[in-house]
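Remarks on the overall topology
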Amino acid sequence: MTDASDRWTIYIDIEGFSALYDRETIVLEALGDLMEGIYAIGTNVYPESPQRLFAHQTGDGFVIVSEFGASSLEVPTSIAIALLRHVAARGRFAKASVGEGHFSDVWGCYPKRIRAARRHDDTLPLGGGLMTIFPVIGTALIDAFAVAKRSPSGSLLTVESRKRSRLPPECVIREIDGSNLVSVDWIHSTVPLVRRIQQRAGLRSPTAEQIVAAFRRYREQQPPPRWVASSCALLGLAIEP
């Protein structure tokens, strides 16, 4: 049973970032696409309470947190699908997981000396250098990371199996053996809210055929075979691993 005060969380990051970082600039553009997509959704689709969003960068990805909890996971699922498609439109891929829990500012627990040196942009001077701090954490973040860690390799959207009934009925869902997770086919699911988010946020909205073609081109970069195999199996792609 989900606590009514639990906030949903999306953890989403760029696939193959570390492997491709030194080989191409498009992987940085993919991170920029993800960043811009989150900004557009938060600004144009969910700008005000009680639906406003909070996003925090974590290296090559982001944690997106709701303001309040919800009985349905339609909104986080739809946001994740829209972002995954937005990134895929330019030939790179992301991976997302949905979690839930509490999320709070833990700044008051930090040492007094650190609190006194804090700037408004959450940085502290280190002599002539700089420290950047991340003063928010909670079980929502931990849960989303845990789902991501248990997920197989691949450009997937994963959710705990016990939350399956709370996903939009239009989702194409596949079980992930031995993990207590399900994979939402973000390429072929036709969730009406996804389209509304894409239109209001001005996101790229490639067709399933265009995403499959991009996947074939990406495969020429020789991603790990298990990445290809699980992506194909869980996204319904008729491409030999």
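Given the structure is predicted, the values throughout are model-derived calculations rather than measurements. (Residues numbered from 1 in each chain as written. Predicted model: local features only at pLDDT ≥ 70, side-chain atom pairs only at ≥ 80, totals over all residues. Heavy atoms only, no water.)

1. Observations concerning the pattern of salt bridges
By the definition in use, this model includes 12 salt bridges. A salt bridge links Asp 33 to Arg 204, with the shortest nitrogen-to-oxygen separation between them at 3.4 Å. Linking Asp 33 in helix H2 (residues 26–44) with Arg 204 in the loop between helix H6 (192–201) and helix H7 (208–219), this pair joins segments that are 171 residues apart in sequence. Its relative accessible area of 3% is what places Asp 33 among the buried residues. Between Lys 163 and Asp 143 there is a salt bridge; the shortest N-O distance is 3.5 Å. Placement of Lys 163 in the loop between strand S9 (157–160) and strand S10 (173–176) and of Asp 143 in helix H5 (residues 139–150) is noted, with a sequence separation of 20 residues between them. A single burial state applies to Lys 163 and to Asp 143, both of which are buried. Salt bridges linked by common partners bring Glu 100, Asp 143, Arg 150, Glu 160, Arg 162, Lys 163 and Arg 166 together as one network. (Salt bridge = Lys/Arg side-chain N within 4 Å of Asp/Glu carboxyl O. Helix = DSSP H or I, 4+ residues; strand = E, 2+ residues; numbered from the N terminus. Buried < 20%, exposed > 50% of the residue type's maximum accessible area, 1.4 Å probe, protein only.)

2. Side note on the side chain of Ser 151
Within the fold, Ser 151 resides in the loop between H5 and S9. For Ser 151, a relative accessible area of 10% corresponds to the buried category. A polar side-chain atom of Ser 151 sits 2.6 Å from the main-chain carbonyl oxygen of Val 147. Beyond its immediate chain neighbours, meaning those up to four positions away, Ser 151 contacts Lys 95, Thr 158 and Leu 181. (Polar contact = N/O pair within 3.5 Å; in protein donor to acceptor, adjacent residues only side chain to side chain. Contact = heavy atoms within 4.5 Å.)

3. Details of the packing of H2 against helix H3 (residues 74–88)
Geometrically, a packed helix pair is captured by the angle between its two axes and the distance between the axes. Contact pair H2 / H3: the axes reach a minimum separation of 9 Å and the direction vectors enclose 145 degrees. Like other packed secondary-structure pairs, H2 and H3 cross with a definite hand, here right-handed. Contacts from Ala 30, Asp 33, Leu 34, Gly 37, Ile 38 and Ile 41 of H2 reach H3 at Ile 79, Leu 83, His 86 and Val 87. The residue makeup of the contact of H2 with H3, split by class, is 7 nonpolar, 2 polar and 1 charged. (Axes fitted to C-alpha atoms, helices over the stretch in contact; angles between N-to-C directions. Left-handed = near helix turned anticlockwise from the far one by under 90°. Nonpolar A, V, L, I, M, F, W, Y, C, P; charged D, E, K, R; others polar.)

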